[in-house]
Each structure stands twice: as C-alpha cells, then as structure tokens.
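Listed below are the residues making up each chain.
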Amino acid sequence: MKVSSRCLAIPGSPTLAINAKAKELKAQGLDVVGFGAGEPDFDTPENIRDAAKEALDQGMTRYTPAYGSPELQKAVCGKFLKDNGIVYKPSQIVISNGAKQSLFNSFMALCEEGDEVLIPGPYWVSYPEIVKMAGGVPVPVMGAPENSFKPTAEEIESKVTDRTRAIILTSPNNPNGYVFSKEELTAIGNLAVKHDFYIVADEIYEFLIYDGEKHVSIASICPEFYDRTITINGVSKAYAMTGWRIGYTASPENVAKAMTNYQSHSTSGPNTIAQYAAVRALESPAEERNRMVKEFEKRKNRICEMINAIPGISCVEPKGAFYVMMKVSDLFGKKCADGEVITDCDSFAKLLLAKNLVAVVPGSGFGTGDYVRLSYAISMETIEKGITRIGEFVAGLE
Ligand code: PMP
Ligand code: GLU
C-alpha cells in the first residue's frame, strides 16, 4: 500500500537522525562521542522541575485552551516586555508543542499554495521542509562564505518576487552562530515593508549569545516591523527543557487566531503540566540561565581553538547558539587507510562515525555542503575527547 506523495516528498530530520544513530551505537556498548544533539546536556533547573510536581499535586491534569494556558500567555507577555521591550496582549500569544510546532503553525497561517519564503542560509534543516508542508516554496538566500554565509539586505532583495510571502530570520543562527545586528535587521525589515511580506523571527537562541554580542528583536525596532512579525521562541534551549515541548509565538492578533484554529484541530493546547513549569522558567531569576550560558561560552572557545589547531579543517568562531560549522572540503578526495574516499560532507560524517566513533551532522541539510555541524552542548571532557579523535581521523587520511 502506498503512502501519500506529500509525506514521501519529506525526508526525515537529519539532526534527529544523527542523534538517534549515536544513541543506538551507545546502546550497543560503543563509546560514541555525539556532536549531533542540538540540546543542552544540563538537567532542567530544580525550581522548574518542582513547578511540574506542584502542577501534578494540584490536579492540573486537564486540557488548557487550544492557544495555551492564560497563565503562560501572561508570563510570555511579561517576558517580551522585560527581555525584548515589546508590548503584547495575551490574545497575540499562542503556546505550542515546541518552537518547531510554532514555526509549522506560522507557515500554515501565512502561506497560500506556491507562496515563496526567503530562508537566509545556512538554515536549520527543518525550515525548507516546514515551508513545503505548508504549501510554500522555500527560497534559500546564501551570503558570502567570508561573511559566514549571512546574506546582506541587497542579497535578500535580489530574491524577492511578487510571490514572496515571508522571510525567516534566525538570530543567533543555527547552524553557524551568526547574529544579525540592529542595523542589519533594520535594513531587512525595511525590505519587508517595501515589498509587503511577513517576518518570521526565530529567537529560540536569544540568550545563548557570547563575547558581548547583543540580541535585538526585530519586532522591537518600530511599529511597522511589529505589525508584520511573528516572533518564535520557547523554553527548550535557554532553560534546558527540550523534552518538555513548549514553544510560543507572538504575532498580530489575526495571525494568532488563524494559528489557534489550526492548532485546535491538530494537537489542541500543549501539555498542561509542562505549561505550568514553563511559567516558572520564564519568571525565574536569570542566574541559572547565565551559568549555563557561561559554560557554553567556555566550550565554544575550547572547541574552536582545538578545531583550528588541526591541519586540513577549520571553523569560524560562532557568536551565539551552541553549534560550530567545521570546514571539511579541503579533505574531499582524500582516502582512509582502507581506501575509502571522502567525496563530500556526507561521506566525511559517515566515515568519521564508522571509524572513529564521532557523530557530526553533514552540512548538506543546512545548505552548506563544505561543512559539518558540531554541537558543543556536551561536556568539556567529551568535547576534548571528540575533537582529539577527529584530529586522529584527519591525520590518518592520505
Ligand atoms: N528553531 C531552531 C533554529 C532550532 O534549532 C530548533 C531546535 N529544536 C527549534 C526552532 C525548535 O525547538 P523546539 O521545538 O525544541 O522548541
Ligand atoms: N534544533 C536542534 C538541532 O538543530 C534539535 C534537533 C531538531 O529538532 O532538529 O539539532
């Protein structure tokens, strides 16, 4: 029996696949170093876990409204005011099962069949697939390699057509950690106003930002941008809550209404207990979060230093998130001791895992085939072990 062409056309997520593969090999007793996981290795802070226990003890085990619990909507409004200087009403907030669902809802609400969505590269693997599932057409826009592929407003404008419906801006960026400055955001926002398209601002990594860089929310810049922006955020990354599955959007009211209608027929509101815990996360003092961010910054410094000390590979230091893109294209054409050849980033990742037990994500899914992505959301000790193995793998190539 056949499955639908709609689903056949969608490949599985390569980031989740590499995580699953690394876990499978570990379960077989192999000492795999996994640089695949885009999730903090920290446990969810204790006060947030306590909130979930309280929710259970208080009998919070029933549905919330499809748009989420009013308490969490209110906490999200408080968060936007405190952290981003933006005023939202609860009716503009929709709570979902992770930022991934928030993105999915956004494009379901925005796209007509054939509408184009600009996706600055390198882009998170799920964006093109989400846009396609919503009937849209992904239009990648790559900047210059020497600018970490971050496109300028001019490069973006060259891809605008009369079918352009939206742009996705991810700052800090997954996979290579670049950050858009206020000036760059203003130039891109002006394009959105001029050509009348929406801005979907994925700010899931807003707090994971280093070396004094500042995060700016595009919706905070001026009312013209606010009126056409859907800001995506969630608790997965900044509060080590990937498994709790809580994300949210802030948008114009009519878009929030459309997303709520859609969500009301697909998943209903997200898990009630997790929503209660997310309120605690958003209202917590910043210390615990800052402690995690400091640790990520140390790891970022160390992983970059180690990679750049290995002849044949290199990386550009990221400014945010917890990933680094490692350039491997200078190794294409080289052979392992048993004669197997590295032809591209996919075969690099495959051979590195098979021979030296290190899992990385090939750059092809992010639109940058000369690279592989490494997550440094793992312990310093594991980072050092993994990069040492990569050094040995590279040194053994002919
Ligand atoms: N946006 C980006 C850029 C991401 O890397 C991720 C990673 N999971 C998400 C959104 C989705 O996060 P979640 O669904 O866990 O909230
Ligand atoms: N966003 C993370 C990553 O890029 C988690 C996995 C996923 O949802 O893709 O690795």
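Conventions we followed
Residues numbered from 1 in each chain as written. Chains lettered and ligands numbered in written order. Predicted model: local features only at pLDDT ≥ 70, side-chain atom pairs only at ≥ 80, totals over all residues. Heavy atoms only, no water. Pairing = 2+ DSSP bridges. Helix = DSSP H or I, 4+ residues; strand = E, 2+ residues; numbered from the N terminus. Axes fitted to C-alpha atoms, helices over the stretch in contact; angles between N-to-C directions. Contact = heavy atoms within 4.5 Å. Near = heavy atom within 4 Å. Polar contact = N/O pair within 3.5 Å; in protein donor to acceptor, adjacent residues only side chain to side chain. Areas by Shrake-Rupley, 256 points an atom, 1.4 Å probe, with all protein chains shown as cover. 1 Å grid on protein atoms, 1.4 Å probe; cavity = no way out; pocket = protein on both sides within 12 Å on 5 of 7 lines; lining within 4 Å. Sits in = over half its atoms within 2 Å of the grid points. Nonpolar A, V, L, I, M, F, W, Y, C, P; charged D, E, K, R; others polar. Core = buried A, V, L, I, M, F, W, Y, C linked by side-chain atoms within 4.5 Å. Buried < 20%, exposed > 50% of the residue type's maximum accessible area, 1.4 Å probe, protein only. Salt bridge = Lys/Arg side-chain N within 4 Å of Asp/Glu carboxyl O. Expected span 1.5 Å × (residues − 1). Arc of directions from axis to C-beta. Points joined across faces, edges and corners; volume = space filled by probe spheres on them.

**Focus: the sheet that holds strand E2 (residues 93-96)**
And then number 1: The strand order E2-E8-E7-E6-E5-E3-E4 describes an open sheet built from seven strands, whose pairing is mixed. Both outer strands of the open sheet, E2 and strand E4 (137-141), are each paired with one neighbouring strand and no more. Neighbour-to-neighbour, the strand axes of this sheet turn through a mean angle of 20 degrees, independent of strand direction.
And then number 2: One ladder, built from three bridges, connects strand E3 (residues 116-120) with strand E5 (residues 164-170); its direction is parallel. In the sheet register, Val 117 faces E5, and the bridge partner there is Ala 166.
And then number 3: The sheet contacts of helix H4 (residues 70-84) involve E2, strand E7 (229-234) and strand E8 (247-250), and relative to E2 the element is tilted by about 115 degrees.

**Section: the site of ligand 1**
And then number 1: In the vicinity of ligand 1 lie 14 residues, with Ala 99, Asn 174, Asp 202, Tyr 205 and Arg 245 positioned nearest.
And then number 2: Lys 100 is positioned with one of its backbone polar atoms (N or O) 3.0 Å from an oxygen atom of ligand 1.
And then number 3: Relative to its free-state accessible area of 400 Å², ligand 1 is covered by the protein chains to the extent of 93%.
And then number 4: When atoms are counted within 2 Å of each cavity's grid points, the one that captures over half of ligand 1 is the largest pocket.
And then number 5: When residues in the shell around ligand 1 are grouped by element, the largest group, three residues, is from helix H5 (residues 99-110).
And then number 6: When grouped by side-chain class, the residues that make up the shell around ligand 1 number six nonpolar, four polar and four charged.

**Observations regarding the nonpolar core**
And then number 1: Counting residues in each nonpolar core, the largest one holds 80 residues, and the members touching the most others are Phe 35, Phe 107, Ile 303, Phe 348, Leu 374, Ile 387 and Ile 390.
And then number 2: Ranked by residue count, the leading element in this core is helix H12 (residues 287-308), at seven residues.
And then number 3: Those residues within four positions of Phe 348 in sequence are excluded, and the remaining contacts are Met 326, Val 328, Leu 331, Ile 342, Val 360, Val 372 and Phe 393.

**A closer look at the pattern of salt bridges**
And then number 1: Tallying each qualifying case throughout the model produces 25 salt bridges.
And then number 2: Notably, a salt bridge pairs Lys 21 with Glu 24, separated by 4.0 Å at the nearest N-O pair. One end of the pair, Lys 21, and the other, Glu 24, are both in helix H2 (residues 14-27), three residues apart, so they sit about a helical turn from each other.
And then number 3: Overall, Lys 21 belongs to the partly exposed group, its relative accessible area being 35%.
And then number 4: Salt-bridge contacts for Asp 83 lead to Lys 79; the nearest nitrogen and oxygen are separated by 3.5 Å. Highlighted residues: Asp 83 and Lys 79, both in helix H4, separated by four residues, approximately one helical turn.
And then number 5: Since its relative accessible area comes to 27%, Asp 83 is described here as partly exposed.
And then number 6: What emerges from the salt-bridge pattern is a single network uniting Asp 41, Glu 295, Lys 298 and Arg 299.

**So, helix H8 (residues 182-195)**
Turn by turn, an α-helix covers 3.6 residues, leaving residues three or four places apart pointing in a common direction.
And then number 1: Here H8 is 14 residues long and its end C-alpha atoms lie 20 Å apart, about the 20 Å a rise of 1.5 Å per residue gives.
And then number 2: Looking only at H8, the buried set comprises Leu 185, Ile 188, Gly 189, Leu 191 and Ala 192. Buried residues of H8, viewed axially, fall in a sector of 150 degrees; they line one side. Seen from the buried face of H8, the exposed residues on the opposite side, beyond 90 degrees, are Glu 183 and Lys 194.
And then number 3: Where H8 is buried, its residues contact helix H7 (153-157), E5, strand E6 (198-202) and helix H9 (223-226).
And then number 4: Looking one or two residues beyond H8, the residue adopting positive phi is Asp 196, at roughly 55 degrees.

**What about the layout of surface pockets?**
Unfilled space is identified by rolling a water-sized probe across the atoms.
And then number 1: Reported here for the largest pocket is a volume of approximately 450 Å³.
And then number 2: Forming the boundary of the largest pocket are 21 residues, of which Gly 38, Lys 100, Trp 124, Lys 237 and Arg 245 lie nearest the centre.
And then number 3: For the lining of the largest pocket, the elements supplying multiple residues, two or more each, are H2 and H5.
And then number 4: It is H2 that provides the largest number of residues to the lining of the largest pocket, a total of three residues.
And then number 5: Residue classes in the lining of the largest pocket are distributed as seven nonpolar, eight polar and six charged.

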